[in-house]
Amino acid sequence: MRIILCGFGVVGQSLVKLFESRSDELYSKYGLKPRVVGVFDSKGSTIDPSGLNFKKLVDTKKKFGTVKNYASIKNSMSGVEMLKNVEADVLIETTASNYKDAEPGMTHITTAMKRGMHVISVNKGPLALAFPSLLELATYNQVMLKFSGTVGGGTPILDYAKNSLSGERITSFAGILNGTTNYILTNMGTGISYEDALKDAKDKGYVEADESLDLDGLDAAAKLVILANWILGIKVTLPDINCTGIRKVTLDDIKKAEKNNCSIKLIASSDKELVVGPKEIPNDDPLCVNGTLNAIAFTSEHSGTQTIIGKGAGGTETASSILRDLLDIRQEIARD
Ligand code: HSE
């Protein structure tokens, strides 16, 4: 399967390492032979229709900070130019999420779909701003659009709700979908101030480059948009979410919650409306997970409430979600 990889940060590098370490098994067990024919990062790109060497890609990125130096002729093709000129079956879009205009991911995805490529996106921006129209574009161009890594990282939250609960009617859900704010609120629960907890989260590398995405709830809201469209079939985009972050949560609020045997968590929920905001959760509720963990409780008509818990971020974890999507695409192509 010929792949163009847009974005070569932690997730992209983890993915090619995964391809490298599991290549024999991927072929013998699933018939999957991933051939990365082009990689684009913010400083340049590299192309080889016969397949780039995974180890050399990672080594080049480590040494030069870009894949541009992979070959002696340095390539400055943009992601869009690559998608227009290089033949491939699948685009894997891993550039950073941007909730203003969703670029450059949006143009990568639409260009690829118009050229008949299937798309796997772990970039939430395009889905948060245009989920309904991107799904329509995929249907129109008869390609698959997969995005299981956008919610829960490696934890298969979307697949669980869509496939494991198939036939069920999910009536509502509520979840902790942002690990960074969960880490900050958990630490505040031990008496640490908001400022110190934020600094600690920054030191550990958890906070997004634009901290507002975590602290003001945008990341959680983007995930809520994806869940609402995919699981509940509600056609919404980011501006439809009633969103409050954690900046105004005080130690007093946390102490008050403790007196009720509760903790304050940033909860994304779909009850009467789609809301992201701080909420008291009983300490004995399975949803009340700590640290950087994510959790989501789905309530269905017949099977009650089930909670899934797992890591919501991380390079290898998110790379594993991309592999899941790739195997799905491989299987659907084989079926056809
Ligand atoms: N900033 C996100 C989080 C990363 O903290 O959960 C994963 O989307």
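From a predicted model like this one, the values you see are computed outputs, not experimental measurements. (Residues numbered from 1 in each chain as written. Predicted model: local features only at pLDDT ≥ 70, side-chain atom pairs only at ≥ 80, totals over all residues. Heavy atoms only, no water.)

## A look at the packing of helix α6 (residues 124-140) against helix α11 (residues 218-232)
To be explicit about the condition: As a rule, the C-alpha atoms of each element are fitted with a line to give its axis, helices using only the stretch in contact, and angles between N-to-C directions run from 0 to 180 degrees. A run of H or I in DSSP becomes a helix once it reaches four residues, and a run of E becomes a strand once it reaches two; helices and strands are each numbered from the N terminus. Roughly parallel refers to an angle under 35 degrees, roughly antiparallel to one over 145, roughly perpendicular to one between 65 and 115, and oblique to any angle outside these ranges. Each crossing gets its handedness from the near helix: less than a right angle anticlockwise from the far helix is left-handed, clockwise is right-handed. Any pair of residues with heavy atoms lying within 4.5 Å of one another is described as a contacting pair. Basically, the charged four are Asp, Glu, Lys and Arg, the nonpolar ten are Ala, Val, Leu, Ile, Met, Phe, Trp, Tyr, Cys and Pro, and anything else, Gly included, counts as polar.
Between α6 and α11, the shortest axis-to-axis distance is 8 Å and the interhelical angle comes to 20°. One finds that α6 runs roughly parallel with respect to α11. Read as a crossing pair, α6 and α11 show a hand that is left-handed. Residues K124, L127, A128, F131, P132 and L135 of α6 form the contact with α11, whose participating residues are D219, A222, K223, V225, I226, N229 and W230. Of the residues contributing to the contact of α6 with α11, the split by class is nine nonpolar, one polar and three charged.

## Some thoughts on the pattern of salt bridges
Convention followed: Salt bridge, as applied in this entry: a Lys or Arg side-chain nitrogen positioned within 4 Å of an Asp or Glu carboxyl oxygen.
With the rule as written, the count across this model stands at 18 salt bridges. We note a salt bridge from R169 to E301, for which the minimum N-O separation is 3.4 Å. With R169 in the loop between α7 (157-164) and β7 (170-176) and E301 in the loop between β11 (293-300) and β12 (304-311), the pair connects residues that are 132 residues apart, well separated along the chain. Across the pair D203 and K199 runs a salt bridge whose closest N-O atoms are separated by 2.9 Å.

## Some details on the nonpolar core
Rules: By nonpolar core we mean a set of buried residues, namely Ala, Val, Leu, Ile, Met, Phe, Trp, Tyr and Cys, connected to one another through side-chain atoms within 4.5 Å. Buried, partly exposed and exposed residues are distinguished by accessible area as a fraction of the type maximum, computed with a 1.4 Å probe on protein chains only: under 20%, between the cut-offs, and over 50%, respectively. For the domain bounds, the source is a domain assignment made automatically or taken from a database.
I4, I184, L227 and F298 are the most contacted members of the largest nonpolar core, which totals 71 residues. If you tally residues by element for this core, the top one is α11, at nine residues. Taken domain by domain, the makeup of this core includes at least three residues from each of domain 1 (2-154 + 315-335) and domain 2 (157-311). In this structure F298 touches I157, Y160, A161, L165, I170, S172, F173, L227, G304, T305, Q306 and I308, once residues within four positions along its chain are discounted. One finds V36, Y70, I322 and L323 within the second-largest nonpolar core, a separate group that totals 29 residues.

## A look at the layout of surface pockets
Empty space among the atoms becomes visible once a probe the size of a water molecule is rolled across them. Quick reminder of the rule: Using a grid of 1 Å spacing that covers the protein atoms alone, one calls a set of points a cavity when a 1.4 Å probe fits there but cannot get out, and a pocket when the set is open and has protein on both sides within 12 Å along at least five of seven lines; lining residues are those with an atom within 4 Å of a point. Grid points are joined across faces, edges and corners, and a volume is the space filled by probe spheres set on the points.
A volume near 1,400 Å³ is recorded for the largest pocket. What lines the largest pocket is a set of 49 residues, among which V11, A96, K124, E208 and A313 lie closest to the centre. Sorting the residues of the lining of the largest pocket by element identifies α1 (10-21), β2 (35-41), α8 (179-188), α10 (212-215), α11 and α13 (315-335) as the ones contributing at least two each. Class assignment for the residues of the lining of the largest pocket results in 15 nonpolar, 23 polar and eleven charged. When we break the lining of the largest pocket down by domain, the ones giving at least three residues each are domain 1 (2-154 + 315-335) and domain 2 (157-311).

## Focus on the site of the ligand
Here is the rule: It suffices for a single heavy atom of a residue to lie within 4 Å of a molecule or strand for the residue to be listed as near it. Any pair of N or O atoms that falls within 3.5 Å is considered a polar contact. Within protein, one atom must be able to donate a hydrogen and the other to accept it, and sequence-neighbouring residues count only if both atoms are side-chain atoms. Surface exposure here means Shrake-Rupley accessible area, sampled with a 1.4 Å probe, where a residue is shielded only by the protein chains that are shown.
Taken together, K124, N178, G179, T180, E208, D214, D219, K223, G312 and A313 make up the full set of residues adjacent to the ligand. Interatomic distance of 2.9 Å between a side-chain N/O atom of K124 and an oxygen atom of the ligand. A distance of 2.7 Å is found between a nitrogen atom of the ligand and a side-chain nitrogen or oxygen belonging to D214. Look at the ligand: alone it shows 260 Å² of surface, and the protein chains cover 87% of it.

## Description of the pairing of β12
Just so we agree on the cut-off: Any two strands with at least two DSSP bridges between them are considered paired.
Examined bridge by bridge, β11 and β12 share eight bridges and lie antiparallel to one another. Note that in β12 the partner of A297 across the bridge is T307. As consecutive antiparallel partners, β11 and β12 are separated by three residues.

## Structural notes on the environment of D214
By secondary structure assignment, the location of D214 is in helix α10. A relative accessible area of 2% places D214 in the buried class. Here the alpha-carbon distance between D214 and S14, two residues 200 residues apart in the chain, equals 23 Å. In contact with D214, not counting residues within four places along its chain, are N178, T180, T181, Y206, V207, E208 and D219. A distance of 2.7 Å separates a polar atom in the side chain of D214 from a polar atom in the side chain of N178.

## Notes on the domain arrangement of the protein
Convention followed: What counts as buried area is the accessible surface, traced by a 1.4 Å probe, that two parts surrender upon association, with contributions from both included.
As assigned here, the protein comprises domain 1 (2-154 + 315-335) and domain 2 (157-311). Using only C-alpha atoms to locate each centre, domain 1 and domain 2 end up separated by 28 Å. Listed by partner, the interface residues are 19 residues for domain 1 and 20 residues for domain 2. Counting the surface lost from both domain 1 and domain 2, the interface buries some 1,700 Å², and carbon and sulfur atoms represent 70% of this. The largest per-residue losses of area from domain 1 upon contact with domain 2 belong to Y99, F131 and V151, which jointly make up 33% of the total buried on that side. Counting the contacts that link domain 1 with domain 2 gives three salt bridges. Considering each element in turn, the side of domain 1 that touches domain 2 owes the most residues, nine residues, to α6.

## Concerning the packing of aromatic side chains
Definition in use: Within 6.5 Å between ring centres, the rings of Phe, Tyr and Trp (the latter by its six-membered ring) count as paired, and their orientation is classed by plane angle as stacked under 30 degrees, edge-to-face over 60, tilted in between. As a reminder, the over-ring test applies to NZ of lysine and CZ of arginine, requiring each to be within 6 Å of the ring centre and within 35 degrees of the ring normal.
Under the definition given, this model contains six aromatic pairs. With centroids separated by 5.1 Å and ring planes inclined at 75°, the aromatic side chains of F147 and W230 adopt a geometry described as edge-to-face. A residue pair is termed long-range when its members are at least 10 positions apart, and F147 in the loop between β6 (145-146) and α7 and W230 in helix α11 qualify at 83 residues. A relative accessible area of 4% means that F147 is categorised as buried. Among the aromatic residues, those joined into a cluster by ring pairs are F131, F147 and W230. It is K56 that lies over the ring of Y70; its NZ or CZ is 4.4 Å from the centre. Here the guanidinium or amino end of K162 rests over the ring plane of W230, the centre of that ring lying 4.1 Å away.

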